[in-house]
Amino acid sequence: MKICVLVKEVPDAAVEKRIDPSTGRLNRSGEKNLNPFDTHAIEAAMQLKEGGSIDVDEVIAVTMGPESAVRALHKAVSLGADRSVHLTDEALAGSDVNGTGYSLAQVLSKESPDLVLLGQQSDDGECYTIGAVVADHLQMPSLTQVIKIDVEDGKLRCERQAEYGYDTVLVELPAVISVGDAINEPRYPSLKAIMGAKKKPLESLGAADAGIDAGRVGYDNARAHCSEFKAPPEKAAGQIIEDEDTNETVEKIVAWLDERKLLA
């Protein structure tokens, strides 16, 4: 069995998310990390590999992104992936979800995985839909918000969160599964794994290598374009009442509430 895990390089959570007004796209400058939601997908793959209920030959981390995205692949390998594939090409820049899903599916079709895992969302775009798009291109069943995976007679019994509670679904392989962050607690990479990550096999592919039609990717071919952005209005400074004299402080608070008709 071969498992491919889709991962993504995203801006660090501590970096303020900003839109570049000249491109209408997210400003991705600054510190970047492996998408934290994808670490749960890697852990799910490792638990299947180590669980013994099903034979997993290898776990492959796959990403689409600029040259810097190789660091996300190194992190994925340090967490247990056996090798990685990096789809990188300037022609792919600015692709929307549709173009990204198509491109990743082209790479995955060459790998012919039995199972594709990914996090339920990215920490930047938060669109939640890339798994379904990939599954549609690969013509595989798709499950989202999965929080438990068990092996049953060569199939996967999955529990997924739903608006009304939980679903239990028995899915045949191959399949594409987006996991929620409640599925597990990702492991920490060991120092040995971190040091050895750069020595693991890493394949770099361009758009042509993956058989990607250039007319279906990139900003100019995106089906969705963002045209205008406005920063939210700044909030007015609040009023601070110092508690130097308790009675006077209470009177000021009551007067403030009464002025706004907030007292019954």
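Anything mentioned here points back to the structure above.
The model shown is predicted, which means the values in this text are computed figures rather than measured ones.

Draft legend 1. How the structure looks around the overall build of the protein chain. Counting its regular elements, the protein chain contains six helices and 13 strands. Along the longest, intermediate and shortest principal axes, the C-alpha atoms of the protein chain span 75 × 45 × 40 Å. Here the protein chain holds 264 residues, and the buried ones make up 41% of them. Within the protein chain, counting contacts between residues at least 6 apart in sequence, those at least 24 apart form 70% of the total. Approximately 15200 Å² of the protein chain is accessible, and the part contributed by carbon and sulfur atoms is 49%. With 28 positive and 45 negative side-chain charges, the protein chain shows a separation of 4 Å between the mean positions of the two kinds.

Draft legend 2. Inspection of the pattern of salt bridges at higher detail. Inspection of every chain in the model, using the stated rule, returns 13 salt bridges. Two residues, Arg71 and Glu9, come together in a salt bridge whose shortest N-O distance is 3.7 Å. With Arg71 in helix 2 (residues 70-78) and Glu9 in strand 2 (residues 9-11), the pair connects residues that are 62 residues apart, well separated along the chain. Judged by its relative accessible area of 10%, Glu9 falls in the buried class.

Draft legend 3. Main features of the packing of aromatic side chains. With the rule as written, the count across this model stands at zero aromatic pairs. When the ring centre of Tyr102 is taken as origin, the NZ or CZ atom of Arg216, which lies over that ring, is 3.9 Å away.

Draft legend 4. Up close: the environment of Leu92. Examined against the element boundaries, Leu92 turns out to sit in the loop between strand 7 (83-87) and helix 3 (97-111). Look at Leu92 and you get buried, because its relative accessible area is 4%. With 165 residues separating them in the primary sequence, Leu92 and Leu257 have C-alpha atoms 56 Å apart. Here Leu92 is in contact with Met64, Leu87, Ser103, Ala207, Ile212, Val217 and Gly218, once residues within four sequence places are set aside.

Draft legend 5. Molecular detail of the state of the cysteines. With the rule as written, the count across this model stands at zero disulfides. Looking at Cys4, it has no disulfide partner, and the nearest cysteine sulfur is the one in Cys158, 17 Å off.

Cut-offs used in this document
Residues numbered from 1 in each chain as written. Predicted model: local features only at pLDDT ≥ 70, side-chain atom pairs only at ≥ 80, totals over all residues. Heavy atoms only, no water. Helix = DSSP H or I, 4+ residues; strand = E, 2+ residues; numbered from the N terminus. Buried < 20%, exposed > 50% of the residue type's maximum accessible area, 1.4 Å probe, protein only. Contact = heavy atoms within 4.5 Å. Areas by Shrake-Rupley, 256 points an atom, 1.4 Å probe, with all protein chains shown as cover. Lys, Arg positive; Asp, Glu negative; His and termini not counted. Charge placed at Lys NZ, Arg CZ, Asp CG, Glu CD. Salt bridge = Lys/Arg side-chain N within 4 Å of Asp/Glu carboxyl O. Phe/Tyr/Trp six-rings, centres within 6.5 Å; stacked < 30°, edge-to-face > 60°. Lys NZ or Arg CZ within 6 Å of the ring centre and 35° of its normal. Disulfide = S-S within 2.5 Å.

So far we have only geometry, and geometry alone does not tell us how the molecule works.
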